[in-house]
Amino acid sequence: MTQRIRFPFCCLIRGLAFPRLLLFGVTCPSVVCCLLLPDLEGSAHLLLLSRNKSKHELGYCETEAKLALSLDFWTLSSENLLAVLPVDPVKENYVRKVKNCIFSIAVPTPLKSRVRLVAVSKEVLEDILDLDLSVSETDDFIQLVSGEKIVSGSIPLAHRYGGHQFGIWAGQLGDGRAHLLGTYMNRQGEKWELQLKGSGKTPYSRNGDGRAVLRSSVREFLCSEAMHSLRIPTSRVASLVVSDDEVWRDQFYNGNIVKERGAVVLRVAKSWFRIGSLEILAHYGELDLLRTLLDFIIREHFPSVEVAEPNRYVDFFSVVVSETAQLIALWMSVGFAHGVCNTDNFSLLSITIDYGPFGFMEAYNPDFVPNTSDDEGRYKIGNQANIGIFNLNKLLQALNPILDPRQRQLAAQILEGYPVLYYTRFRELFKAKLGLLGETKGDDDLIAFLLHLMEKTAADFTMTFRQLSEITQSQLQELNIPQQFWALNMISKHKLFPAWVSQYLLRLKSNMNDSDSERRKRMTTVNPRYVLRNWMAESAVRKAERNDFSEVHLLQRVLRHPFQKHSAAEKAGYSSPTPSWAKDLKVSCSS
């Protein structure tokens with residue numbers, strides 16, 4: 001008789017039971033230019049490129065369906081932001097408390113030593129920025145992406161925001177080492193905001209040095225590209241450059257400060273606004289500015305919300321709640337733990353941003369914590385859905401001062417629906433990972449049963465699902481698991497594995513108009529063979545620190561196609577058990 005696994009490892013979110021895994025952020029542009037240009041000397045220089053004659057307000061590449069071969073006719077614009085959103089009137093770049101504005105003008109500080117290009121994303125350059133890959137070999141490009149020079153039309157900005165960090169209000173935070181260069185409108189009519197990270201101090205740097213290091217920059221470059229290829233909404237990285245500038249970091253916050261190399265990444269996203277962007281305005285009672293920013297965000301990024309609608313802020317909140325639930329469910333489907341889910345790191349557009357001490361879970365463990373500084377496990381993978389509710393509640397608190405009593409009640413009801421939204425999407429994703437079609441009453445139990453066995457045997461999360469995608473039903477039925485299916489061999493050691501297999505095969509029979517080959521083909525399109533495991537990133541970083549960028553480039557190629565078998569990846573062991581040297585490897589915290 002088959003043993004039926006209940007949910008002994010359940011918790012509750014507002015009364016809804018989840019398996020443990022499931023619980024698992026106006027100043028006139030011409031005036032700004034006058035303020036900015038005199039201060040460019042001694043910091044980043046203005047890169048005088050030919051003005052784009054486009055009819056669009058934003059920077060735009062004129063060539064129809066062609067890529068620019070240089071930066072001569074390529075421009076950015078800050079006008080869409082600065083025409084509506086106020087800028088800090090203090091133009092000096094020193095650390096301070098800032099009030100009644102969204103941005104401060106802050107010019108990048110060039111690196112002192114020779115800068116070299118580590119990697120670029122061909123897809124980002126060509127599909128988003130309309131630039132031919134050859135442009136990345138030019139001096140103009142290196143100067144732009146390292147913060148040495150500023151392209152015409154750009155007014156570099158640092159964004160003011162606050163946030164709750166590890167559940168506690170942290171006050172003013174902001175872009176402490178990032179510079180928003182401007183917005184680019186590409187030939188598809190898409191608007192993208194370009195931001196340098198690691199490009200020097202701003203008024204929001206607090207005690208920081210404004211720099212990023214090669215180690216963390218390699219990880220962000222690779223992970224943002226990997227997440228995009230896994231079909232998970234994310235910011236992208238166009239380029240990564242490194243210098244020999246000395247940057248000192250306490251990698252694990254254990255008092256051991258080491259010298260590292262300064263690096264800069266050029267990041268792109270539709271928007272960098274986050275929950276903390278609204279929180280700081282509500283916290284300081286800047287309610288007119290809160291309305292102004294919200295209306296701008298809705299008009300620019302939420303086409304389903306009517307900006308003239310009296311309930312627009314409730315409608316906006318509803319979209320953010322739904323899309324945040326979907327984003328976290330997607331994270332869970334690939335075993336991704338963000339590591340620092342503070343409200344200042346949660347995008348209002350529900351994209352993955354601010355890659356720090358993230359990690360892809362290897363051995364299945366709902367308590368997996370990639371961030372070694374997270375002593376209490378607040379941001380463990382099994383708590384991410386709960387953190388989603390916490391962050392959305394903080395968003396609601398920021399909105400409440402501009403909502404009437406009825407709107408507050410509606411918004412609270414929307415938030416109460418979050419667990420169902422999350423669980424529905426989670427179920428859809430994991431049913432697809434198991435190749436299940438249609439609806440059957442026991443599907444939740446089947447998923448939970450498998451996760452229970454994986455937890456008990458410490459089976460590899462990614463490869464268990466991938467190997468289930470590759471093994472035949474006849475092999476499963478006979479419990480004849482080939483040796484190369486090492487993850488399934490681990491889980492098969494559990495005494496209840498045959499019972500799960502029996503339930504699984506019985507469920508597959510209920511798939512209408514399906515075959516075993518079609519099931520396997522379908523499953524291999526949703527279960528990746530490769531994710532950015534910590535040891536893979538660490539191996540690439542160690543080589544990069546010796547100016548060997550070969551593994552960065554290899555991983556970039558492999559992670560661009562994570563569902564396809566790659567001969568060089570197999571040779572490198574990217575789908576094999578974790579090598580012995582990396583068994584106790586920690587994810588560094590500082591960046």
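Each value, and the rule that gives it
Each residue is numbered by its place in its chain's sequence as written, counting from 1. The model is predicted, so local features are restricted to residues of pLDDT at least 70 and side-chain atom pairs to those at 80 or more, both for listing and for counting; the totals for chains, interfaces and linings are taken over all residues. Note that water and hydrogens are dropped before the side-chain values are worked out from all heavy atoms of the structure. UniProt positions are given in the numbering used here, feature names are shortened, and annotations may be inferred rather than shown by experiment. Only rings of Phe, Tyr and Trp enter the pairing, Trp through its six-membered ring, and a pair is recorded when the two centres are within 6.5 Å. The plane angle decides the type: under 30 degrees is stacked, over 60 is edge-to-face, the rest tilted. Helix and strand definitions here come from DSSP, where helices need a minimum of 4 consecutive H or I residues and strands a minimum of 2 consecutive E residues; each element is numbered from the N-terminal end. Accessible area is worked out with a 1.4 Å probe on protein chains only. A residue is then buried under 20% of its type maximum, exposed over 50%, and partly exposed in between. Either the NZ atom of lysine or the CZ atom of arginine qualifies as a charge over a ring when it sits within 6 Å of the ring centre and within 35 degrees of the ring normal. With a 1 Å grid laid over protein atoms only, a set of points is called a cavity when a 1.4 Å probe fits there but cannot get out and a pocket when it is open yet has protein on both sides within 12 Å along at least five of seven lines; lining residues have an atom within 4 Å of a point. Grid points are joined across faces, edges and corners, and a volume is the space filled by probe spheres set on the points. Residue type decides the class: Asp, Glu, Lys and Arg count as charged, Ala, Val, Leu, Ile, Met, Phe, Trp, Tyr, Cys and Pro as nonpolar, and the leftover types, Gly among them, as polar. Domain segmentation is taken from an automatic or database assignment of domains. Strands are labelled as partners when DSSP assigns at least two bridges between them. Any two residues whose heavy atoms approach within 4.5 Å at even a single point are treated as in contact.

Where an unreviewed UniProt entry is consulted, the protein chain appears under the name Selenoprotein O, with the organism given as Lynx canadensis. Checking UniProt for the protein chain, the heading Cofactor (unreviewed entry) contains the comment "Mg(2+)". What UniProt states about the protein chain under its Sequence similarities (unreviewed entry) heading is, verbatim, "Belongs to the SELO family."

On to the packing of aromatic side chains, then. In the structure shown here, the tally under the stated rule is 22 aromatic pairs. Ring centres of F426 and F430 lie 4.2 Å apart, and the angle between their planes is 20°; this geometry places the pair in the stacked category. Taken together, the positions of F426 and F430, both in helix α11 (residues 418-433) and four residues apart, correspond to about one turn of that helix. By relative accessible area, F426 is classed as buried at 2%. Ring geometry for W500 and Y504: centres 4.7 Å apart, planes at 15°, overall stacked. Of the two residues, W500 and Y504 both sit in helix α16 (residues 497-508), four residues apart, roughly one turn of that helix. Look at W500 and you get buried, because its relative accessible area is 0%. According to the relative accessible area criterion, Y504 is buried, its value standing at 0%. Ring pairing ties together the aromatic residues Y364, Y418, Y422, F426, F430, F461 and F465, which thus form one cluster. Here the guanidinium or amino end of R96 rests over the ring plane of Y94, the centre of that ring lying 4.7 Å away. Just above the ring of W192 sits the side chain of K270; from NZ or CZ to the centre is 4.8 Å.

In this section: the layout of surface pockets. Volume-wise, the largest pocket comes out at about 1,100 Å³. Lining the largest pocket are 37 residues, with Q165, R177, R206, Y253 and S591 positioned closest to its centre. Among the elements that make up the lining of the largest pocket, the one with the highest residue count is strand β14 (residues 236-250) (three residues). Looking at the lining of the largest pocket residue by residue, the classes come out as 11 nonpolar, 14 polar and 12 charged. Here the lining of the largest pocket gathers at least three residues from each of two domains, domain 1 (78-272) and domain 2 (277-431). Approximately 560 Å³ is the volume attributed to the second largest pocket. Along the walls of the second largest pocket sit 25 residues, with E362, A363, T578, A582 and K583 positioned nearest its centre. Where the lining of the second largest pocket is concerned, the elements lending two or more residues are β17 (359-360), α15 (486-491) and α18 (534-544).

As a further point, take the pairing of strand β9 (residues 162-165). Bridge count for β9 against strand β10 (residues 168-172) is three bridges, and the pairing is antiparallel. Residue pairing across strands places G162 opposite Q172, the latter belonging to β10. The turn joining β9 and β10, which pair antiparallel and follow one another in sequence, is formed by two residues; a positive phi near 55° is taken by F166.

Turning our attention to helix α19 (residues 550-559). Taking burial as the measure, the 10 residues of α19 include seven buried ones, the bulk of the element. Buried residues of α19: E551, V552, L554, L555, Q556, V558 and L559, and no others. Buried residues in α19 make contact with β6 (116-120), α5 (214-229), α18 and α20 (567-572).

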